[in-house]
Each structure stands twice: as C-alpha cells, then as structure tokens.
Amino acid sequence: MADFANQQPLALHVPEPKARPGVEPDWSGLTLPPAGAQPRPDETCAAAETWPLCTDLIRVLDEDGVAQGPWNPRLDAETLRTMLRNMALTRAFDERMFRGQRQGKTSFYMKCTGEEATSVAPAMALAADDMVFPSYRQQGILITRGYPLEDMINQIYSNKADKLKGRQLPIMYSARDYGFFTISGNLATQLPQAVGWAMASAISGDTRIAAAWVGEGSTAEGDFHSALTFATVYNAPVVLNVVNNQWAISSFSGFAGAERQTFAARAIGYGVAGLRVDGNDPLAVYAATRWAANRARSNAGSTLIEHFTYRAEGHSTSDDPSQYRSAQERSTWPLGDPIVRLKNHLIALGEWDENRQAAMDAELAEMVKAATRAAEANGVLGHGMHHPFHTMFEDVFETLPWHLREQSEQAMRERRIKWPDWRPEDGDEMP
C-alpha cells in the first residue's frame, strides 16, 4: 500500500464573495467587452458556433446609449418607447406592492428591480401565444402581455376576487389565457415542464415554442440537468433562460458554480446553443431572445441564455441583503440600470427626453395606484373578505366524492359552532 504519511492534508474550498457588508465592492475581475464586438451567427448554425459566445458577453448599447454591432435589433422608436414603458410600469408596480406588504396588506412580495429587461424584453421578442414558464421574478412578462394589474393585485392580496381563490402564495400567478404557466415555489420545476410542453408542441405539429426562466442558483437543481438532457436529445423548441443576478437569497453565485465557469457554458456540455447576454441591456436581451426563438421555430434546437444582471433589492420582503452583501454593490454595479440605459438610448436617438420620462413615471404611478384601490375594495390580508368557505373543497374533482362531501359538511358545522353569529355567504352551503 502506498505511503501518504508525508503529504499535506486535503483542504475543502468554500466559495466566498469578494465584498461582505462594510467592504467596498471590487469589480476589477469582471471583463466587459465593448458593445457590438460579438459576432452574430446564423440562427440555424451548428450549436458549436455559439459556444464562444457562452464565455463572452453580448452587448448592444455602449456607454453613450448608442446601439452597436450585429446584435442591434434595430427596433423602431415606438417599440423602444413601449419597452421602456413596460419596464417602468413593472418597477412602479413593484414599488406599490412592496409598500402594501410593509403595510400588512399582503404577507409576501418579490421585486425585480434592476432585472426588468430580463422579462420585458423577452416577452416582446416572443410571439404572444408562445408558452412561458416563469420563475417568481418575471412579473414583467404578465405586464408586457397586458394582464390586468388589478387581477395581479387581487392574487397578491388573496382576496375574494383572486382568480386562484387564495390557493397560491402571493406573486405566484397563473394565467392560461396569456400563455403564462403557473409559478411554482419549488426551484427549477418549470424547466422540464417547459421542455415537455415544447416537445408536445413539436409532436402535434404546432408552431408555438416554449420559454422558461430560472435564477442561477436553480442551475444546481437536478431538474435543470434533466431539462437540458431532454431538450438536446429531442431537439425541443424551447428557450431556457438563466437569470444570473449574482445572489440566490443570501448565497452568492459561486455556490452554483460561477467561480469556475459561466452559466451559459453549461450549454456546451449538453450540445445545445448558448448565449451569454448583458442582462441590463434591453436591446441585447431582446436580440438574443429573438435569435433563440427563431432558431427554435426553424427546428434547429434549444438555446440556453444566461442573462448577466444584478438583483438590486433583497431576495424578497422576508430578506435583508445588508446582512450578507456590501451596501455599495447596487450603486457600483458596472452594467448600470436597464431602464436608465434604454431611456438614454431613446434620448440619444432624439426620441425622448427627461421631461417625458418624468411625466410617464407619474402617469404609471397613478395607474398602479388606481388598480390598487380597485383591488383593495375586494379585500386585503386578514380581514375575511375571501372566497366563500366551500370553495376549499372544489376544483379537484368534477363530482365531489362522498368523503369530501362529509368533510365539507363537518367543516360547516364546526364553523357555526365556533362562530354562532356567522351566516353562510351565497353558495356556502354544499349542493
């Protein structure tokens, strides 16, 4: 047997972020290539032609707000203003809902501040009837597709007008008519679902594709790898988006493998196309999504896109980021703010100005405020204005089985015993 007595002991590497609270962030190790310097391969190219882009960074907008290079989607001014408005509305919605949670009107909320481009731009690049499988930070997709703000707020408040009848956590929307698959709190489950849906679309000879979103931390889940395996084996028409916002709750991206390689580079091991995109550049995100969508529609295969961005706020209203990251990270993030960058681009084109921006922001704040008032008339957390009591037994079976009927009747009796003055709402008696 070999003698290892003189060897030094093994050491375990534990990833550690460069800047904890109280430390000045250092972004010197972050390589930012010039905007427009990245080649744009043909949408039906061999997957291997995209692999150099997995370790590069596709950028369109330069520091002066000017669009550069072959990835410039050359959108007209009206489309750019619509994109800007959708991102600004998403941020205004987040601000109002955050305040509502702090006022006790809902139990939970998650903002996407700084990440608006990763949902709004793809929603505009995809077809309106493509199926999306979002994570819990893609409210911009619903807003871009025109889902009513009041219905979103009703769901957040779990009130009597909530279309999901209070059965989902706040912000976990579901909107079949808008091609928006039910959000799950279990990480990465939407990826194999999206791939399966895309495979079914191909089997049936449909023309619709699927797209899914996860955070970079979710790439460590088994579902991520299962989805990539099926996507590459069956050439599924799907776009898989990894939103690398640097932090998975309090764990920085190194725990998911960011110290070793980019997340887009995982496409190489599976043999699918991969793109790494400046996630704070709305034009680059739009162009990459349109490229991947056209590739899927051409039966050329799946694409994995890494959106390199930054989570400007806490993970949720239950999180305090000051406990684990430097307070200066947000202000020093070198890729800036996606709304500001698109605004500056429109100004550089002569199609916008600061006064119009301020007027639009004020208009959107009032729009969200009006929707909030309308939703609050249907109830907020904790005051009892919810769906009728009997609905907790519905919507699973077409005909209620005998044992659930007995349970529902027992629940009604116990409710009357506990609250003698309670009177059933219309329809609360089981038929």
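Here is what the cut-offs are and how they apply
- Residues numbered from 1 in each chain as written.
- Predicted model: local features only at pLDDT ≥ 70, side-chain atom pairs only at ≥ 80, totals over all residues.
- Heavy atoms only, no water.
- Axes fitted to C-alpha atoms, helices over the stretch in contact; angles between N-to-C directions.
- Helix = DSSP H or I, 4+ residues; strand = E, 2+ residues; numbered from the N terminus.
- Parallel < 35°, antiparallel > 145°, perpendicular 65-115°, else oblique.
- Left-handed = near helix turned anticlockwise from the far one by under 90°.
- Contact = heavy atoms within 4.5 Å.
- Nonpolar A, V, L, I, M, F, W, Y, C, P; charged D, E, K, R; others polar.
- 1 Å grid on protein atoms, 1.4 Å probe; cavity = no way out; pocket = protein on both sides within 12 Å on 5 of 7 lines; lining within 4 Å.
- Points joined across faces, edges and corners; volume = space filled by probe spheres on them.
- Pairing = 2+ DSSP bridges.

I tried to follow the packing of helix H1 (residues 77-102) against helix H11 (residues 354-376) on my own but got confused; where do I start?
When two helices pack together, their arrangement is given by the angle between their axes and by how far apart the axes lie. Packing of H1 against H11 leaves a shortest axis separation of 9 Å and a crossing angle of 50°. As judged from the angle between their axes, H1 and H11 are oblique. For the element pair H1 and H11, the recorded crossing hand is right-handed. For the pair H1 and H11, the contacting residues are Arg81, Leu84, Arg85, Ala88, Leu89, Ala92, Phe93, Arg96 and Met97 in the first and Arg356, Gln357, Met360, Asp361, Glu363, Leu364, Met367, Val368, Lys369 and Thr372 in the second. By residue class, the composition of the contact of H1 with H11 is ten nonpolar, two polar and seven charged.

What should I look at first to understand the layout of surface pockets in this one?
Of the voids in this model, the largest pocket is the one considered here, and its volume is about 760 Å³. Lining of the largest pocket is provided by 29 residues; of these, Leu30, Gln246, Ser253, Ala258 and Phe308 occupy positions nearest its centre.

Would you explain unusual backbone geometry in this entry?
Most peptide bonds are trans, and most residues other than glycine sit at a negative phi. Not every positive phi belongs to a glycine, and Lys165 is a case in point at roughly 55°. Examined against the element boundaries, Lys165 turns out to sit in the loop between helix H4 (149-157) and helix H5 (190-203). Of note in this structure, Ile171 is not a glycine but carries a positive phi near 80°. When you line up the elements, Ile171 lands in the loop between H4 and H5.

Could you clarify how one ought to interpret the sheet that holds strand E3 (residues 238-244) in this entry?
By definition, the strands of a sheet pair up through backbone hydrogen bonds, in either a parallel or an antiparallel sense. Spatial ordering of the open sheet is given by E1-E2-E3-E7-E6, a layout of five strands whose pairing is parallel. Strands with a single pairing partner mark the edges of an open sheet, and in this sheet they are strand E1 (131-133) and strand E6 (273-278). Neighbouring strand axes in the sheet, compared pairwise and without regard to direction, differ in orientation by 20° on average. Relative to E3, strand E2 (residues 210-215) runs parallel, the two being bridged by six bridges. Bridging across to E3, Ala211 finds its partner in Val239.

From the geometry alone we can't say anything about function, so treat these as descriptive.
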